[in-house]
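# Fold and contact review
Single-letter residue listing:
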Amino acid sequence: MNVVLYPALEFRSPDFDLIYAALDDFSPTAIEEDAGCLRAFFASSAGRDAAFRALGDRFAATPVDVPDEDWARRSQENLPPITVGRITIYTSATSRRERHLANHPPTSNPDARIPNPDATPLVIVPSMGFGTGHHATTRLCLAALQDIDLQGRSVLDVGTGSGVLAIAARLLGAAAATGIDIDPDAVQAARDNLRHNPDATRVEFACLDLVDLRGEPVDVVTANLTGALLIRSAAALLDRARPGGILILSGVLADERDAVAAAFAGATILRTSQEGEWVGLTVKKS
Ligand code: SAH
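Quick caveat: nothing in here was measured; it's all calculated off a predicted structure.

## Regarding unusual backbone geometry
For residues besides glycine, phi is generally negative; the peptide bonds are generally trans as well. Despite not being glycine, Ser27 has its phi angle at roughly 45°, a positive value. By the element assignment, Ser27 lies in the loop between helix H1 (16-23) and strand S2 (30-34).

Okay, here's the thing in structure tokens:
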């Protein structure tokens with residue numbers, strides 16, 4: 001079996017706060033603390049080496065390559081909070097980095113999104129379920145949800161993953177939200193997340209393939225899937241919205257946008273947004 005190695009720097013210093021501040025300039029993907037040792041992970045060896053050149057002497061850092069199969073889950077425990085408009089997503093482990101970022105806004109790290117003290121907190125438990133807010137498509141959907149009037153609306157979140165969009169919709173004023181996912185682990189994660197967000201009442205999750213969706217059409221459908229799946233499922237998704245209802249679509253690459261828009265040709269495009277290579281579309285059913 002191939003062991004995956006993650007480039008990291010290890011620090012043993014009495015003042016982790018200073019190290020956190022210094023690391024902000026080097027976009028670590030995760031930071032762990034364990035028994036007096038702080039480990040910062042980087043997306044590439046080159047990124048790690050650049051940080052080592054800048055900080056190695058000052059903080060007595062050691063470059064290491066960490067083999068760890070469970071890294072993905074544990075790394076989520078130290079993800080920085082993400083703020084999109086009126087929502088800030090925190091992972092459930094309140095890390096020192098999180099507290100640090102709240103008090104010391106980074107100046108040069110565009111990936112570290114500073115929590116807005118007035119934003120509504122949304123807690124996501126680290127898991128493999130997609131949807132911590134650290135992917136552009138989730139952020140595009142979160143922004144699109146805040147662009148429409150959700151007050152009193154019913155919301156269906158198709159491909160709910162961690163449940164983040166269903167929970168956010170409810171925290172933003174929707175009357176009720178249902179999230180469905182084909183993956184039972186995602187549904188379990190979404191239900192766990194509900195327990196960490198006690199204000200998100202009237203949110204339910206079910207394990208279901210979108211083709212099997214039935215029942216009353218809703219006011220707002222969110223679907224952060226893939227371009228191909230959206231195209232294939234356009235009729236089923238449109239069927240789930242009431243006439244005049246809104247569909248928020250993402251998971252679409254920029255070069256898939258026209259094909260997705262064509263698949264939803266019966267609806268009016270209200271908004272297109274883009275972050276990097278990812279596109280979000282808000283459409284209104286006729
Ligand atoms: N809504 C979350 C997660 C999006 S990831 C967010 O915005 O961050 C897309 C999710 O769609 C995955 O959890 C995947 O399991 C689910 N999915 C894929 N195909 C599906 C289908 N046919 N029916 C229902 N869910 C599906």
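## Looking at the environment of Arg191
Looking at where Arg191 falls in the secondary structure, it is placed in helix H7 (residues 184-195). By relative accessible area, which is 39% here, Arg191 ends up partly exposed. For the pair Arg191 and Glu204, spaced 13 residues apart in the sequence, the C-alpha separation amounts to 7.8 Å. Polar contacts involving the side chain of Arg191 include one to the main-chain carbonyl oxygen of Phe205, which spans 2.7 Å.

## Structural notes on the environment of Phe16
Among the structural elements, Phe16 can be located in helix H1. Here the alpha-carbon distance between Phe16 and Gly36, two residues 20 residues apart in the chain, equals 9.2 Å.

## What about the site of the ligand?
Residues in contact with the ligand amount to 18 residues; listed here are only the nearest, Thr138, Gly159, Asp181, Leu210 and Asn224. The side chain of Asp181 places a nitrogen or oxygen atom 2.6 Å from an oxygen atom of the ligand. Within the backbone of Ile182, one N or O atom sits 3.2 Å away from a nitrogen atom of the ligand. Burial of the ligand by the protein chains amounts to 84% of its free accessible area of 580 Å².

## Looking at the pattern of salt bridges
Per the counting criterion, the structure on display carries 9 salt bridges. Measuring nitrogen to oxygen at the nearest pair gives 4.0 Å for the salt bridge that ties Arg12 to Glu10. Judged by its relative accessible area of 14%, Glu10 is buried. The salt bridge partner of Asp147 is Arg271, with a shortest N-O separation of 3.0 Å. Remark: Arg271 occurs in strand S13 (residues 267-275) and Asp147 occurs in the loop between helix H5 (136-145) and strand S8 (154-158); sequence separation between them is 124 residues. For Arg271, a relative accessible area of 22% translates into the label partly exposed. Via salt bridges that share partners, Glu10, Arg12 and Arg39 belong to a single interconnected network.

## Some words on the sheet that holds strand S14 (residues 278-285)
For sheets, the rule is that strands pair by backbone hydrogen bonds, running either parallel or antiparallel. Spatial strand order, S10-S9-S8-S11-S12-S14-S13: 7 strands in an open sheet with mixed pairing. Of all the strands in the sheet, just strand S10 (203-207) and S13 have a single pairing partner and so form its edges. Each neighbouring strand pair of the sheet contributes to a mean axis angle of 15°, computed without reference to strand direction. As defined by bridge partners, strand S12 (residues 241-253) adjoins S14 across 6 bridges and the pair is classed as antiparallel. Bridging across to S14, Leu249 finds its partner in Leu281. Strand contacts of helix H6 (residues 164-171): S8, strand S9 (176-181), S10 and strand S11 (218-224), with the helix running at about 160° to S10, the strand carrying the most contacts. The sheet strands contacting H7 are S9 and S10, and the helix crosses S10 at an angle near 165°.

What counts and how
- Residues numbered from 1 in each chain as written.
- Predicted model: local features only at pLDDT ≥ 70, side-chain atom pairs only at ≥ 80, totals over all residues.
- Heavy atoms only, no water.
- Helix = DSSP H or I, 4+ residues; strand = E, 2+ residues; numbered from the N terminus.
- Buried < 20%, exposed > 50% of the residue type's maximum accessible area, 1.4 Å probe, protein only.
- Polar contact = N/O pair within 3.5 Å; in protein donor to acceptor, adjacent residues only side chain to side chain.
- Near = heavy atom within 4 Å.
- Areas by Shrake-Rupley, 256 points an atom, 1.4 Å probe, with all protein chains shown as cover.
- Salt bridge = Lys/Arg side-chain N within 4 Å of Asp/Glu carboxyl O.
- Pairing = 2+ DSSP bridges.
- Axes fitted to C-alpha atoms, helices over the stretch in contact; angles between N-to-C directions.
- Contact = heavy atoms within 4.5 Å.

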